[in-house]
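Residue-level structural notes
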Amino acid sequence: MRWPYENIGVTTTRAFRNLLNKIIGDIGADMQEHKNRADNIQAQVDNLVADGDSSPEAAQARVGADGTNYTTLKQRLDTEHGDVTAQLADTADKINVSTVDNLLNFSDAESDMEIEVPSYYQAKINEIVNSIDKSELNIGFITDNHNQYSGYAPNSLKHYEYIALLSRLTHLDAVISGGDNANGWYSKPQILSELKSATSALFNRVKPDTDVYFLHGNHDNGAFQNGKKNLEDIITNEELKVLYQTKRNVYGEVRNGDSIYCYKDYIDKKIRVIMLNSFDFPNSTDSGGTLIYDNLNYGCYRNEQLNWLSHVALQVPLDYHVLIFTHAPLPGAFDNSTQYNSDVLLNILKAFKNGQNYTINDDTREFPVSIDVDFSNSGTLIAIINGHLHRDDSTVYEGILCISVDASLCYSGAAGRVVNTATEDCWDVFSINPKSRTIKAKRFGFGSDRNWQY
């Protein structure tokens, strides 16, 4: 018997992973050993019952190792079997990765990260490290990685590792993964594994004093992809929250309960970073169990999130600037995609910028809205930064600077992207200087550096 098992602690290094695999193997071996013993003893009991054995040896067998005298040998076997089974199940539950919703208690030594940077990226890593001004707000933004265990997303996990490594070589205030963190094509178990790999690549490798946030993309839950239209086939909203670590505000962020959307104040920079959920659909089904809302092709901002944005997130000190990240862009800025209540979102942001009141009460919409907010002072909105489109772009739409970032994903249909070259990966480090009101985007991989004034 291998019980009791070793204490796995809270580290997530290679040694942790090896120990975890060992313990899982030990549990399996113990359960098999216990089953074999139980089967053997049951066979002996069957013989005793058949033979009517009432010998002293049989009576002695009714006494447990702790001295408990059982009425029958069967009672002892049943009781001890239940105790051991519960003990094993409790231990298995404690180390089951799917039940661990805080992957941030770790000490991951750089020497254990095993991140190998290809020669064609080493100069770029050093260039970005040398360009970072710690007096500015520096945010790494990697989006549309589409991690998938197939040739569709080559080296996708390494892309997360590169930005994690950068956080350890310089100062990043945060790393934000902008959605479509997994491609969502195959079965639910595979998507869960792909999302766990993606989140682990950042949570367990980014420098401990750098915040990590994951946004909700339209591919993440797998809905309406490859025929998946039933709730049991997709990653539910609650499961995404566990994966994206929303149940504990470990970075000091402010959420609406355990919402995927949140904000974080970077007090020394006087900048509030707001992260929105542009696919805020409920997991509603019809009477046949089919999902009602197609979050693959449509976006959504529901009333609760919009009120939280109006009455909580955008209520900032007068000298603060606001920066917003979301997966899908504002419709009209770069495309005309359908996002329920995106017009309400736009009007809230315009009212914030202009210091105006905004009121709407409309229960005829697919997702009714009721908002009454008064921004008595005009606010400073730096920009809205999005992914989703798989292309770089920027524009001023309705007075709001909108910035689109190309995909980290490198696939066969992406023009100019070549696997195992400097064009394979693609992400930015955004550096915000509120005094000069400048935004600098330092590009890693495919594409070019960009700059804006706001």
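One can find the structure itself at the top, above this paragraph.
Quick look at the structure, then. (Residues numbered from 1 in each chain as written. Predicted model: local features only at pLDDT ≥ 70, side-chain atom pairs only at ≥ 80, totals over all residues. Heavy atoms only, no water.)

1. Brief notes about the sheet that holds strand β5 (residues 262-266)
The line we're drawing: Criterion used throughout: strands pair if DSSP finds at least two bridges between them. A helix here means a DSSP run of H or I that spans at least four residues, while a strand means a run of E at least two residues long, and both kinds are numbered starting from the N terminus. Here, two residues are considered to be in contact whenever any of their heavy atoms come within 4.5 Å of each other. For helices, the axis comes from a line fit to the C-alpha atoms of the stretch in contact; other axes are also lines fit to C-alpha atoms, and the angle between any two N-to-C directions lies between 0 and 180 degrees.
With mixed pairing, the 7 strands of this open sheet are ordered in space as β4-β5-β6-β8-β12-β14-β13. Looking along the sheet, the strands with just one partner apiece sit at the ends: β4 (254-255) and β13 (393-397). Where helix α8 (residues 303-313) meets the sheet, it contacts β4, β5 and β6 (271-275), and its direction lies at approximately 170 degrees from that of β6. Packed on one face of the sheet, helix α9 (residues 342-354) meets β8 (321-326), β12 (380-386), β13 and β14 (400-404) and runs near 150 degrees to β12.

2. Concerning the sheet that holds strand β17 (residues 450-453)
The 6 strands lie next to each other as β3-β2-β1-β15-β16-β17, forming an open sheet whose pairing is mixed. If you trace the sheet from one side to the other, it starts and ends with β3 (211-214) and β17, each paired once. Averaged over all neighbouring strand pairs, the angle between strand axes comes to 20 degrees, with direction disregarded. By the bridge criterion, 4 bridges tie strand β16 (residues 438-445) to β17 in an arrangement that is antiparallel. Across the sheet, K440 pairs through a bridge with N451, a residue of β17. This element, helix α6 (residues 188-203), spans β2 (174-177) and β3 of the sheet and lies at about 160 degrees to β3.

3. Focus on α8
Working note: α-helix, 3.6 residues per turn, so residues spaced by three or four point in the same direction. Counted only if it meets this: Each residue's exposure class comes from its accessible area (1.4 Å probe, protein chains only) as a fraction of the maximum for that residue type: buried when under 20%, exposed when over 50%, partly exposed otherwise.
Taken together, the buried positions of α8 are occupied by Q305, L306, N307, W308, L309, S310 and A313. As for α8, its buried residues are in contact with β4, β5, β6, α9 and β11 (369-374).

4. Thoughts on the environment of P329
Its location among the elements puts P329 in the loop between β8 and β9 (339-340). Between the alpha carbons of P329 and N386 there is a distance of 5.5 Å; along the sequence they are 57 residues apart. If we skip the residues at most four places from it in the chain, P329 touches F334, D335, Q339, N386, G387, H388 and L389.

5. Topic: helix α5 (residues 156-169)
The condition is simple: The span one expects for a helix is its residue count, reduced by one, times 1.5 Å.
In this model, α5 (14 residues) spans 21 Å end to end at C-alpha, consistent with the 20 Å of a helix rising 1.5 Å per residue. When you tally the buried positions in α5, you get 11 out of 14 residues, the bulk of the element. Inspection of α5 places S156, H159, Y160, E161, Y162, I163, A164, L165, L166, S167 and R168 among the buried residues, and these make up the whole buried set. Those residues of α5 that are buried are in contact with α4 (119-131), β1 (137-142), β2, α6, β15 (426-433) and β16.

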